[in-house]
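# Tertiary structure, described
Read off the chains here:
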Amino acid sequence: KHTIKITIILISLFFVAQLIGIYVANVYLPNVEQVVNQTTGEITNKTVYNLPYGLDPPADIKPQESVISIIIALCVAVVIMLLLMKFKAEMFLRLWFTIVVILGIAIALNAFLIKIPNSVLISMIIAIPLGIIKIFRRNMYVHNLTELLIYPGIATVFIPILGIWSMVILLIIISLYDMWAVWHVGFMQKMAKFQIQKLKLFSGFFVPYVRKEDRLLIKNVRASSKSNKEKENKLKKVKVNLAILGGGDVVFPIILAGVVLRTLGLWQAFGISVGATLALAYLFYKSEKGKFYPAMPFISAGCFIALIIVYILRFI
């Protein structure tokens with residue numbers, strides 16, 4: 001029952017993040033304005049973006065070019081991460097995470113506060129202390145609540161520059177990489193352990209839990225008449241486990257849902273989020289405790305099935 005509870009919490013966090021992602025993406029949907037050439041009288045359509053903090057995408061960028069750029073950027077990020085892990089540059093990595101976290105939170109918050117004057121500034125003022133607490137103070141509740149905002153904020157930057165089919169290609173590539181990194185080289189496990197043990201943080205959702213026998217031990221120790229020091233020594237032997245879900249597993253389905261929202265509509269985007277969530281639930285149902293699994297192949301499969309259903313319903 002305890003394991004089921006932890007699983008439900010993780011799946012719920014994932015689904016809420018997807019819904020927030022759709023809302024944030026909807027707020028930042030680009031507008032198409034007609035521009036009249038004063039000399040020729042010719043009318044052309046111009047796409048106007050409203051992303052904050054100067055994050056509007058480059059003009060006339062094509063989805064195919066965006067996929068290549070994102071893949072290159074991810075490869076560079078992985079190489080940089082490996083180098084920084086090797087040279088134990090923990091403080092630099094923490095600062096890097098802090099900047100990304102604050103920006104992601106601020107973008108998402110601004111979507112909720114956008115009708116308030118100076119919402120961009122207010123969102124950043126709120127995001128800075130939340131980001132600092134998350135990275136440097138290690139509070140589980142702050143960590144998971146801010147994760148609900150970070151990935152919708154990050155996803156919004158990529159949604160305007162991708163199309164549905166370019167996103168499908170990207171998901172396939174990411175899924176293949178995830179399988180290779182988890183099952184063949186163990187990179188994801190090493191990176192997760194490095195983040196948790198060395199950086200004292202984790203880019204994704206996590207829920208700590210203890211085994212049944214350890215919970216009984218805690219209960220018995222607390223009820224005993226031993227001194228506080230003896231109790232403390234006993235409790236040090238209790239092993240705390242972590243149920244984790246990586247940030248990449250959360251952000252990529254949000255990006256696809258946002259792209260579908262932009263091109264097809266709201267309920268179609270919601271269908272993508274439902275498909276991704278059901279696929280994640282299936283993975284948790286089939287997984288074994290204590291093992292690492294690449295979540296992206298399952299989540300991508302759920303997204304693809306949902307996308308097929310969306311297109312079938314669209315043409316009925």
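Scroll up to find the structure.
Here's what I pulled together on the structure shown here. Keep in mind that this is a model prediction, so the values were computed, not measured.

Quick notes on the rules
- Residues numbered from 1 in each chain as written.
- Predicted model: local features only at pLDDT ≥ 70, side-chain atom pairs only at ≥ 80, totals over all residues.
- Heavy atoms only, no water.
- Helix = DSSP H or I, 4+ residues; strand = E, 2+ residues; numbered from the N terminus.
- Expected span 1.5 Å × (residues − 1).
- Buried < 20%, exposed > 50% of the residue type's maximum accessible area, 1.4 Å probe, protein only.
- Contact = heavy atoms within 4.5 Å.
- Axes fitted to C-alpha atoms, helices over the stretch in contact; angles between N-to-C directions.
- Parallel < 35°, antiparallel > 145°, perpendicular 65-115°, else oblique.
- Nonpolar A, V, L, I, M, F, W, Y, C, P; charged D, E, K, R; others polar.
- 1 Å grid on protein atoms, 1.4 Å probe; cavity = no way out; pocket = protein on both sides within 12 Å on 5 of 7 lines; lining within 4 Å.
- Points joined across faces, edges and corners; volume = space filled by probe spheres on them.
- Core = buried A, V, L, I, M, F, W, Y, C linked by side-chain atoms within 4.5 Å.
- Salt bridge = Lys/Arg side-chain N within 4 Å of Asp/Glu carboxyl O.

### Things to note about helix α4 (residues 119–136)
Quick reminder: α-helices carry 3.6 residues per turn. Residues three or four places apart thus point the same way. In this model α4 runs 26 Å from its N-terminal to its C-terminal C-alpha over 18 residues, within 8% of the 26 Å that 1.5 Å per residue would give. Within the sequence span of α4, burial applies to S119, S123, A127, G131, K134 and I135. Summarising the contacts, the buried residues of α4 are in contact with α3 (90–113) and α5 (140–158). Looking one or two residues beyond α4, the residue adopting positive phi is R138, at roughly 60 degrees.

### Some remarks on the environment of E65
Its location among the elements puts E65 in helix α2 (residues 63–86). Separated by 101 residues in the primary sequence, E65 and S166 place their C-alpha atoms 9.2 Å from one another.

### Looking at the packing of helix α6 (residues 164–184) against helix α10 (residues 247–263)
Describing two packed helices takes the angle between their axes plus the distance from one axis to the other. One way to put it is that α6 packs onto α10 with a least axis distance of 10 Å and a crossing angle of 170 degrees. The angle between α6 and α10 falls in the class roughly antiparallel. On α10, the residues touching I164, M167, L170, L171, I174 and D178 of α6 are D249, F252, I255, L256, V259, V260 and T263. The class makeup of the residues in the contact of α6 with α10 is 10 nonpolar, one polar and two charged.

### Side note on empty space enclosed by the protein
Applying the stated criterion to the full structure yields one cavity of 30 Å³ or more. Each pocket or cavity is described by its volume, and for the largest cavity that value is around 40 Å³. Its residues assigned to classes, the lining of the largest cavity shows seven nonpolar, one polar and one charged.

### Focus on the nonpolar core
Core analysis: the largest hydrophobic core is formed by 75 residues, its most contacted members being L162, F252 and I255. Apart from residues lying up to four places away in sequence, F252 is in contact with L74, M167, L170, L171, I174 and M296.

### Points about the pattern of salt bridges
Applying the stated criterion to the full structure yields one salt bridge. Put simply, K134 and E147 hold a salt bridge, and the shortest N to O gap is 2.5 Å. Taken together, the residues K134 in helix α4 and E147 in helix α5 connect sequence positions 13 residues apart. Accessibility assignment for this pair places K134 and E147 in one class, buried.

### As for the environment of F158
Within the secondary structure layout, F158 lies in helix α5. For the pair formed by F158 and F252, sequence separation is 94 residues and the distance between their alpha carbons is 9.8 Å.

### Considerations on unusual backbone geometry
In this structure, Y53 takes a positive phi of about 60 degrees despite not being glycine. Mapped onto the elements, Y53 comes out in the loop between β2 (43–48) and α2. Given a relative accessible area of 27%, Y53 falls into the partly exposed group. The residue N118 is not glycine, and still its phi comes out positive at about 60 degrees. Among the structural elements, N118 can be located in the loop between α3 and α4.

### Brief notes about the side chain of S119
Note on placement: S119 falls in helix α4. Take S119: its relative accessible area is 7%, and that puts it in the buried class. Residue contacts for S119: discarding those within four places in its chain leaves N110, L113 and I114.

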